[in-house]
Amino acid sequence: MIAGYAVPDFISDFWHYYIAALTILGILFSLWILYSQTTEKLAPGQQAEVLHPTWDGDLQELNNPLPRWWMWLFYALVAFGIIYLVLYPGMGKFAGVWNWSSADAYKQEKERVDAEFNKVFQPFLGQDIMSVAADPKAQEMGKRLYLTYCSQCHGSDAQGARGFPNLTDAQWLFGGTPDEVKASIADGRVGEMPGGLAGDEQGAKEVAHYVLALGGKPHDAALAAVGKEKYAACAGCHGEDGKGNNAAGFPNIVDDAWQYGGSEAAIIESIVKGRKGGMPAQAHLGEAKVHLLAAYVWGLGGGAKPAPVAPPAETVPTEAAPAPANQ
Ligand code: HEC
Ligand code: HEC
């Protein structure tokens, strides 16, 4: 009768027997004390023994047995304890005949609540993310979900913080189309850059100035000129132009959207130490919630239109030809 999840982490069966034995001995001990107290009655006419000298004039402590009703209350408590230990877990690893566990109770409660809310969330799954983003009621729900599950990292205004990207702008690490945003949320993302690629601190400083120069920001031209060569170690990921690659999660390092900061010192730190950011996968929330969250985030202002699917650019009919009927 022991369900897998209800078995506590006893290292060996010894602890199971040890705790069960202590529990049973405890109950027997209570019964013995109760019984010994109940049976000690005063014979008619017998005076109770005085245990202590008299205090405060006339206050005496006698060894009278407890009143009957009080004793029965204790017996009832012992009976309650025994019934409880038969029904519920409490004796070592014995799960109780009802097989109740807090984990199970939580699971059932969660399933019940999920089923209730899914009735509300589910209909949006049938609509594409851009239409959901245009529905104020859906955005209201998305916002509440966002505040529950995401705000601790991305901020309640979704503008991010150091290490946590801003979700309201059009600069994306992993792409801003509806599908890309949804994939970021459902599957999570990891971005990792090894440190030390530009040699020592001085090398990092030179590349940093080249990065600033690429971005058209104030920089030291002499340092940037030396850094240009070392930038070869970076171009494979961030691109010759520094604009990165959304599909691979290599950030644009020539715009104004910084995950770790765009000051000279912050860029040097990124280069010297490397960076690693992780977005935890949210698929466990269920697709309906992820869909609403994706629509909410997409609709915050930075969402990009999905790339046009077929026909590819080369085969688009000439301007003169009438546009093909879509359906
Ligand atoms: C293997 C691929 C790779 C290489 C090589 C690489 N980076 Fe990165 N870089 C990344 C990734 C991925 C991130 C984002 C890390 C994250 O998501 O937390 C990043 C982040 C950064 C950042 C921080 C961006 C921000 O928004 O704060 C800077 C600056 C940077 N890289 C500069 C460089 C420079 C300069 C070089 C060459 C010395 C370089 N990177 C080499 C992959 C790379
Ligand atoms: C534990 C902190 C944490 C939580 C919670 C979290 N995120 Fe993230 N999220 C991150 C980090 C860090 C990144 C950037 C990953 C990287 O550095 O490569 C990220 C990236 C993203 C991206 C991709 C951004 C881009 O520029 O491409 C989206 C979209 C996103 N998160 C949405 C969400 C949503 C919606 C939730 C709530 C369901 C959420 N996040 C919860 C930390 C978090």
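How each quantity is defined
Residues numbered from 1 in each chain as written. Chains lettered and ligands numbered in written order. Predicted model: local features only at pLDDT ≥ 70, side-chain atom pairs only at ≥ 80, totals over all residues. Heavy atoms only, no water. Helix = DSSP H or I, 4+ residues; strand = E, 2+ residues; numbered from the N terminus. Rg over C-alpha atoms; globule rule 2.2 N^0.38 Å. Buried < 20%, exposed > 50% of the residue type's maximum accessible area, 1.4 Å probe, protein only. Contact = heavy atoms within 4.5 Å. Lys, Arg positive; Asp, Glu negative; His and termini not counted. Charge placed at Lys NZ, Arg CZ, Asp CG, Glu CD. Near = heavy atom within 4 Å. Polar contact = N/O pair within 3.5 Å; in protein donor to acceptor, adjacent residues only side chain to side chain. Nonpolar A, V, L, I, M, F, W, Y, C, P; charged D, E, K, R; others polar. Phe/Tyr/Trp six-rings, centres within 6.5 Å; stacked < 30°, edge-to-face > 60°.

**Quick look at the overall build of the chain**
Looking only at helices and strands, the chain has 12 helices and 2 strands in total. Put simply, the chain runs from its N terminus to its C terminus through helices and strands in the order α-α-α-α-α-α-α-β-α-α-α-α-β-α. Taken against the 2.2 N^0.38 rule, which gives 20 Å for 327 residues, the C-alpha radius of gyration of the chain at 35 Å runs more than 25% over that of a compact globule. Based on the C-alpha atoms only, the size of the chain along its principal axes is roughly 120 × 60 × 45 Å. Split into buried and exposed, the 327 residues of the chain put 30% on the buried side. Within the chain, contacts between residues at least 6 apart in sequence are counted, and of these 62% link residues at least 24 apart. Here the chain contributes 23 positive and 35 negative side-chain charges, whose respective centroids are spaced 3 Å apart.

**Re the site of ligand 1**
Taken together, 24 residues surround ligand 1, and among them Met193, Cys234, Cys237, His238 and Tyr260 come closest. The separation between an oxygen atom of ligand 1 and a polar main-chain atom of Gln259 is 2.7 Å. With respect to ligand 1, the backbone of Gly277 contributes an N or O atom lying 3.0 Å from an oxygen atom. Looking at the shell around ligand 1, the elements that each hand over two or more residues are β1 (189–193), α8 (201–214), α10 (232–238), α11 (264–273) and β2 (275–279). The leading source of residues in the shell around ligand 1 is α10, at 4 residues. Looking at the shell around ligand 1 residue by residue, the class counts come to 14 nonpolar, 7 polar and 3 charged.

**Quick look at the site of ligand 2**
Around ligand 2 there are 24 residues in total, and Cys150, Cys153, His154, Leu173 and Met279 lie nearest to it. In this structure, Phe174 approaches ligand 2 through a main-chain N or O atom, which is 2.8 Å from an oxygen atom. Residue Gly191 places a main-chain N or O atom 3.2 Å away from an oxygen atom belonging to ligand 2. Looking at the shell around ligand 2 residue by residue, the classes come out as 15 nonpolar, 9 polar and no charged.

**Let's talk about the side chain of Ser184**
Tracing the sequence through the fold places Ser184 in helix α7 (residues 178–187). Within polar-contact distance, the side chain of Ser184 engages the side chain of Arg189 at 2.8 Å. Leave out the neighbours within four places in its chain, and Ser184 touches Phe174, Arg189 and Met279.

**Some thoughts on the environment of Gly142**
Within the secondary structure layout, Gly142 lies in helix α5 (residues 136–149). Judged by relative accessible area, Gly142 falls into the buried class, the value being 0%. The spacing of Gly142 and Asp104 is 38 residues in sequence and 29 Å in space, taken between C-alpha atoms. Excluding residues that lie within four positions of it along the chain, Gly142 makes contacts with Leu292, Leu293 and Tyr296.

**Here's the deal with the packing of aromatic side chains**
The geometry of two aromatic rings is summed up by the distance between their centres and the angle between their planes. Scanning the model with the defined rule gives 13 aromatic pairs in all. Among the aromatic residues, ring-to-ring pairing joins Phe80, Tyr84, Tyr88, Trp98 and Trp100 into one connected group.

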